[in-house]
Amino acid sequence: MIILSLSFLSGLYILGNVDDTNHRKVLLVRLAYLTFLGAILFSPLSFTGTAVYIMPAGIGRVNLRYIYIGLGFIENIILTIPLGFLIKRIFQNMSFISIVPLGFMTGAVFEIVQYYLSHVFFINRISDINDVLANGIGIIVGAIVAVMYSHFFERKQYV
């Protein structure tokens, strides 16, 4: 409910205060993506690729040892590519070298917050080293896509 409330209020702010139609559309698409990302990461909703379900209450578990590259790993990479794109587009002067640790730190923060929410609100999320790696890789790939987009479509170069 918190995620949806914040998104709703942000959407109202964008609709009421942004006059340029194209800029408003871009901001609303960004907001929709961030709302979707927040719902996936910080709620008890779970996606199995073909189904959505609400996880039963629990404190989840932690995996810091076993690295498994499977469908979930690839889904997490795909999930965070737009985030990397947004970060690089918003912070255009940020070097690519600084995006790499930022990507992995962002993935770690996601997992720490999931761990905390699992123990406080019983959302039963697994804090997993695989997710940290996949999220970091997705953010890096998204930043690369943003650089390529800028180079080929806007004729600006930044790295």
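In this text the structure is predicted, and so the values were computed from the model without any measurement. (Residues numbered from 1 in each chain as written. Predicted model: local features only at pLDDT ≥ 70, side-chain atom pairs only at ≥ 80, totals over all residues. Heavy atoms only, no water.)

Asks: Where do I start with the packing of helix α3 (residues 71-90) against helix α4 (residues 96-120) in this structure?
Replies: It is the contact of α3 with α4, at a shortest axis distance of 11 Å, that shows an interaxial angle of 135°. Classed by the angle they form, the pair α3 and α4 counts as oblique. Considering how the two elements wind past one another, α3 and α4 form a crossing that is right-handed. For the pair formed by α3 and α4, the contact residues are T80, L83, I87 and K88 on the first element and F96, I99, L102, T106 and F110 on the second. (Axes fitted to C-alpha atoms, helices over the stretch in contact; angles between N-to-C directions. Helix = DSSP H or I, 4+ residues; strand = E, 2+ residues; numbered from the N terminus. Parallel < 35°, antiparallel > 145°, perpendicular 65-115°, else oblique. Left-handed = near helix turned anticlockwise from the far one by under 90°. Contact = heavy atoms within 4.5 Å.)

Asks: Could you clarify how one ought to interpret helix α2 (residues 21-42) in this entry?
Replies: An α-helix turns once every 3.6 residues. As a result, residues three or four positions apart point the same way. Helix length check: α2 (22 residues) gives 31 Å between terminal C-alpha atoms against 32 Å at 1.5 Å per residue, within 8%. Those residues of α2 lying buried are L27, L31, Y33, T35, L37, G38, I40 and L41. Elements in contact with the buried residues of α2: α1 (2-17), β1 (45-47), α3 and α4. (Expected span 1.5 Å × (residues − 1). Buried < 20%, exposed > 50% of the residue type's maximum accessible area, 1.4 Å probe, protein only.)

Asks: How should the packing of aromatic side chains be read in this particular structure?
Replies: Working definition: an aromatic ring pair is given by the centre-to-centre distance plus the angle between the planes. Using the criterion set out here, one finds three aromatic pairs in the structure. Centre to centre, the rings of F85 and Y149 are 5.9 Å apart; their planes meet at 70°, and the pair counts as edge-to-face. Placement of the pair is F85 in helix α3 and Y149 in helix α5 (residues 129-154), with a sequence separation of 64 residues. With 5.3 Å between their ring centres and 40° between their planes, Y149 and F153 make a pair best called tilted. Separated by four residues within a single helix, Y149 and F153 lie in helix α5, roughly one turn from each other. Put simply, the rings of F85, Y149 and F153 pair up and form one aromatic cluster. (Phe/Tyr/Trp six-rings, centres within 6.5 Å; stacked < 30°, edge-to-face > 60°.)

Asks: Any chance you could explain the layout of surface pockets here in plain terms?
Replies: In this approach, a probe sized like a water molecule rolls over the atoms, and the result shows the empty space that is left. Of the volumes computed, that of the largest pocket is approximately 870 Å³. What lines the largest pocket is a set of 31 residues, among which F47, G72, E75, N76 and R125 lie closest to the centre. Of all elements in the fold, only α2, β1, α3, α4 and α5 reach the threshold of two or more residues within the lining of the largest pocket. A total of seven residues in the lining of the largest pocket trace back to one element, the largest contributor, which is α3. Across the lining of the largest pocket, the residue classes tally to 14 nonpolar, 11 polar and six charged. Considered as a void within the structure, the second largest pocket measures approximately 270 Å³ in volume. Every residue along the wall of the second largest pocket is listed here: M1, I2, I3, L4, A39, F42, S43, L117, F121 and I123. Those elements giving two or more residues to the lining of the second largest pocket turn out to be α1 and α2. (1 Å grid on protein atoms, 1.4 Å probe; cavity = no way out; pocket = protein on both sides within 12 Å on 5 of 7 lines; lining within 4 Å. Points joined across faces, edges and corners; volume = space filled by probe spheres on them. Nonpolar A, V, L, I, M, F, W, Y, C, P; charged D, E, K, R; others polar.)

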